[in-house]
Amino acid sequence: MEIYENLTIGKSDFQVKICDLRQADLKFYSENPRVYSVLNVDGTEITQEEIEKHMCNLEHVKQLKTSIESNGGLIDPLIVRDGDFTVLEGNSRLAAYRLLCEKDPVIWGKVKCKVLPANISDAAIFNLLGQYHIIGRKDWDPFEQANYLYRRHKETKIPIDAMAQELGISNAKARKMIEVIEFMISKNDNKKRNWSYYEEYLKNSGIKKFRETNPDLDDTIADSIKSGAIGEASDIRKLGQVAQVGDKQSKKIMQKVANREMSIYDGYDEIQESGKLDDAIKKLKKFRNYITDDNFEKQLLSNQKNIDEAKYEINTILRRLNKIQKKIN
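Presented here is a report on the structure given in the accompanying data block.

Conventions adopted
- Residues numbered from 1 in each chain as written.
- Predicted model: local features only at pLDDT ≥ 70, side-chain atom pairs only at ≥ 80, totals over all residues.
- Heavy atoms only, no water.
- Core = buried A, V, L, I, M, F, W, Y, C linked by side-chain atoms within 4.5 Å.
- Buried < 20%, exposed > 50% of the residue type's maximum accessible area, 1.4 Å probe, protein only.
- Helix = DSSP H or I, 4+ residues; strand = E, 2+ residues; numbered from the N terminus.
- Contact = heavy atoms within 4.5 Å.
- Pairing = 2+ DSSP bridges.
- Axes fitted to C-alpha atoms, helices over the stretch in contact; angles between N-to-C directions.
- Patch = residues over 30% accessible without salt bridge, like charges linked within 9 Å, V, L, I, M, F, W, Y side chains within 5 Å.
- Areas by Shrake-Rupley, 256 points an atom, 1.4 Å probe, with all protein chains shown as cover.
- Salt bridge = Lys/Arg side-chain N within 4 Å of Asp/Glu carboxyl O.

1. Concerning the nonpolar core
A general feature of soluble globular proteins is that nonpolar side chains tend to end up buried together. Among the nonpolar cores identified, the biggest contains 60 residues, and Leu 116, Leu 149, Leu 217 and Ile 221 are the most heavily contacted of them. Residue contributions to this core peak at 7 residues, all from helix H8 (residues 171-186). The residues contacting Leu 116, other than those within four sequence positions of it, are Leu 7, Ile 9, Phe 14, Val 16, Ile 79, Val 80, Arg 81, Asp 82, Leu 88 and Leu 128. Within the second largest apolar cluster, 26 residues are counted, among which are Leu 58, Leu 78, Val 87 and Val 111.

2. Regarding the environment of Gly 168
For Gly 168, the position within the fold is in the loop between helix H7 (160-167) and H8. On the basis of relative accessible area, Gly 168 is assigned to the exposed category, the value being 62%. For the pair Gly 168 and Ile 134, spaced 34 residues apart in sequence, the C-alpha to C-alpha distance is 9.5 Å.

3. Considerations on the sheet that holds strand E2 (residues 12-22)
Taken together, the 6 strands give an open sheet; going across it, the order is E1-E2-E6-E4-E5-E3, and neighbouring strands pair in mixed fashion. Edge positions in the sheet fall to strand E1 (3-9) and strand E3 (27-28), since each of these pairs with one other strand and no more. Here E1 pairs with E2 via 7 bridges, running antiparallel. Bridged to Ile 9 within E2 is Ser 12. On top of the sheet, helix H5 (residues 122-133) reaches E1, E2, strand E4 (78-81), strand E5 (86-89) and strand E6 (110-116); it is set at about 50° to E5, its chief contact.

4. Quick word on a nonpolar patch on the surface
On the surface, a cluster of nonpolar side chains totalling about 890 Å² of accessible area is made up of Leu 284, Phe 287, Tyr 290, Ile 291, Ile 314, Ile 317, Leu 318, Leu 321, Ile 324 and Ile 328. Listed by contribution, the elements that provide at least two residues to the nonpolar patch are helix H15 (279-291) and helix H17 (304-328). Residue class for Phe 287 comes out partly exposed when judged on its relative accessible area of 35%.

5. Quick notes on unusual backbone geometry
Residues other than glycine seldom take positive phi values, yet Phe 85 does so here, at roughly 55°. Along the chain, Phe 85 falls in the loop between E4 and E5. On the basis of relative accessible area, Phe 85 is assigned to the partly exposed category, the value being 28%. Even without being a glycine, Arg 260 presents a positive backbone phi close to 65°.

This is the structure:
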């Protein structure tokens, strides 16, 4: 028996038919990031056979197969586009059904589906998948989410801010996701596992300032990521700590890293041994920068009360600093 209901996508309502369809007639969605980001490396068209083989080998699909079998079927129907019977949402569940069908084609030959109109727009599909996987349950990883946003932006020319508003995410988040993907593409790196390395690299404010005047650093770090010379994504922060010191020594180290004369680990060790990463040194530098600011002096001399109170504080600080200086010397 067929049942009809309304499905709201964005600001539009679509009438969907809920029914059982032969799973053998259904097609995988080739634009699914889990498929596209892995199989569409050289830009060639992906076949249904390639998609099925890839999906059926995924560990979470095997786990899903066991769960579906235990439940006696799907809890959430597949979302299918009428006409070509492409599964827009639920490709992992379709793959699990294919595995179950190998075991018993009679029991698992049909699958519950919600069938959308054949003429549903690409924009509505994007909105639907974004609601599910970018702001909903987020079962796509960040690399897959960003890849989908990037391809959507490039293929449709829709402004990033408009896409962000459509999905209900911040403009900054959408722009950052696309920035990381664009950077990876420019460095010929399409490996999902490297996403977090590039994300750390591009978001680090200390590194960003150095990159503006030393573009060679980008190629050096990208090559280090691809070769595995950087062990963990969080290790990128070590380079950021070196850059944030900002003195002659740190700049020299950053240049050596950019020129491939020093690893980020050796650079970090050198600046750490100098004591410049210690909290005490950071606070001392911050204090120096604060009191050498012209506004600081103006505020102290603005009235007699400030001057009187400042005398005591300054004398106390000077006495303490004199004692420390004698010990250092």
